[in-house]
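Chain by chain, the residues:
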Amino acid sequence: TRSIAVTGVQTCALPICQSLYRFLLDDLAPTPSNSHTSRTIDDLKVAFETHNLVRVRAIINTILADLPDHTFEKTTEGLFHGLVHILFRYLGIQLQSEVHSAHGRADVVIQTNTHVYIFEFKIRESADVALRQIVRQKYADKYRLLGKIIIGIGVKFDIQKRNIEAWKTKKL
């Protein structure tokens, strides 16, 4: 499998990352106004900007459902992590993956002008376990002086259904 390097994104050799990358660049970039997906992409960015996390989850599930099944040949937490990273990066959302702190490493951190969203992804454990990890590992501590609202988001992906099974949030 050949790797695709995206500026600002970790190199990814997983089929899901390659499929999503090609979909975003080949299908959306040339004619976003003519694509039914451009509305979904715009809606996702607006959902983050307006802090509508219910809508963010619904849109991510819609995008996951639209991907061909062969892209899920090797289903791991990293596969879903890579997909979310590439999707958010494409939107121009300020994010970091595998964010190190004194107590551990958050899967994804997204910042808006007013909020910090800290994501932890799981495929074999619950969204509650993911959220407890964010709290227990004190991932929010390094953002406390920013004066922003900090939200922890525990996400449980369903491997068979290929979507978000559960999503738990907590103001930190």
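Structure shown above.
In this text the structure is predicted, and so the values were computed from the model without any measurement.

Asks: Got a sec to walk through the overall build of the chain? Specific residues and values, please.
Replies: When you go through the chain residue by residue, the secondary structure sums to 5 helices and 7 strands. For the chain, the sequential pattern of α-helices and β-strands runs β-β-α-α-α-α-β-β-β-α-β-β. In the chain, 54% of the contacts between residues at least 6 apart in sequence involve partners at least 24 apart. Carbon and sulfur atoms make up 48% of the accessible area of the chain, which amounts to about 8900 Å² in all.

Asks: Account for the nonpolar core, with residues named and values stated.
Replies: Judged by nonpolar contacts, the single largest core of 30 residues is most densely connected at Phe88, Ile110, Phe119, Phe157 and Trp167. Those elements that provide at least two residues to this core are α2 (36–49), α3 (53–66), α4 (77–90), β4 (104–111), β5 (115–122), β6 (149–158) and β7 (163–171). Non-local contacts of Phe88, meaning those with residues more than four positions away in its chain, are made with Leu44, Phe48, Ile60, Ile93, Leu95, Ile110 and Phe119. Judged by nonpolar contacts, the second largest core, of 11 residues, contains Val99, Val109, Ala140 and Ile150.

Asks: If you had to explain the pairing of strand β3 (residues 94–101) to someone new, which residues and values would you point to?
Replies: As paired strands, β3 and β4 are joined by 7 bridges and run antiparallel to one another. Bridging across to β4, Leu95 finds its partner in Ile110. In textbook terms, the turn of a hairpin is the stretch between consecutive antiparallel strands, and for β3 and β4 this stretch comprises 2 residues.

Asks: So what about the sheet that holds β7? Which residues, and what values?
Replies: Pairing in this open sheet of 5 strands is mixed, and the strands run β3-β4-β5-β6-β7 from one edge to the other. Each having just a single partner strand, β3 and β7 make up the two edges of the open sheet. When strand polarity is set aside, the average angle formed by the axes of neighbouring strands in this sheet is 30°. Bridge analysis of β5 against β6 gives 8 bridges, and the strand direction is parallel. Within β6, the residue paired with Glu120 across the bridge is Gly154. Packed onto the sheet, α4 meets β3, β4, β5 and β6 and runs at close to 140° relative to β3. Across the sheet, helix α5 (residues 127–136) lies against β4, β5, β6 and β7, angled at about 145° from β6, the strand it touches most.

Asks: Which residues make up the side chain of His115, and what are the values?
Replies: Checked against the element boundaries, His115 lands in strand β5. When its relative accessible area of 10% is taken as the criterion, His115 is described as buried. Separated by 3.1 Å, the side chains of His115 and His51 make a polar contact. When sequence neighbours within four positions are dropped, the list of residues in contact with His115 reads His51, Ile110, Lys148, Ile149 and Ile151.

Asks: So, α4: which residues are in play, and what are the values?
Replies: A rise of 1.5 Å per residue sets the reference length of α4, with its 14 residues, at 20 Å; its end C-alpha atoms lie 20 Å apart and thus fit the reference within 8%. Burial analysis of α4 places 10 of its 14 residues in the buried class, which makes it a mostly covered element. Turning to α4, its buried residues number three or more, namely Leu79, Phe80, His81, Gly82, Leu83, Val84, His85, Ile86, Leu87 and Phe88. Of the residues one or two after α4, Gly92 is the one with positive phi, at around 80°.

Asks: Before we move on, could you go through the pattern of salt bridges and cite the residues and values that matter?
Replies: Inspection of every chain in the model, using the stated rule, returns 6 salt bridges. Two residues, Glu98 and Arg105, come together in a salt bridge whose shortest N-O distance is 2.5 Å. Since its relative accessible area comes to 42%, Arg105 is described here as partly exposed. Taken together, the salt bridges that share partners define one network made up of Glu120, Lys122 and Glu125.

Asks: Please provide a residue-by-residue account of the pairing of β4, values included.
Replies: Counting buried positions along β4 gives 6 out of 8 residues, so the element sits mostly inside the fold. The pairing of β4 with β5 spans 4 bridges and is antiparallel. From the neighbouring strand, Gln111 faces β5, where its bridge partner is Val116. Between β4 and the antiparallel strand that follows it, β5, lie 3 residues.

Calculation rules
Residues numbered from 1 in each chain as written. Predicted model: local features only at pLDDT ≥ 70, side-chain atom pairs only at ≥ 80, totals over all residues. Heavy atoms only, no water. Helix = DSSP H or I, 4+ residues; strand = E, 2+ residues; numbered from the N terminus. Contact = heavy atoms within 4.5 Å. Areas by Shrake-Rupley, 256 points an atom, 1.4 Å probe, with all protein chains shown as cover. Core = buried A, V, L, I, M, F, W, Y, C linked by side-chain atoms within 4.5 Å. Buried < 20%, exposed > 50% of the residue type's maximum accessible area, 1.4 Å probe, protein only. Pairing = 2+ DSSP bridges. Axes fitted to C-alpha atoms, helices over the stretch in contact; angles between N-to-C directions. Polar contact = N/O pair within 3.5 Å; in protein donor to acceptor, adjacent residues only side chain to side chain. Expected span 1.5 Å × (residues − 1). Salt bridge = Lys/Arg side-chain N within 4 Å of Asp/Glu carboxyl O.

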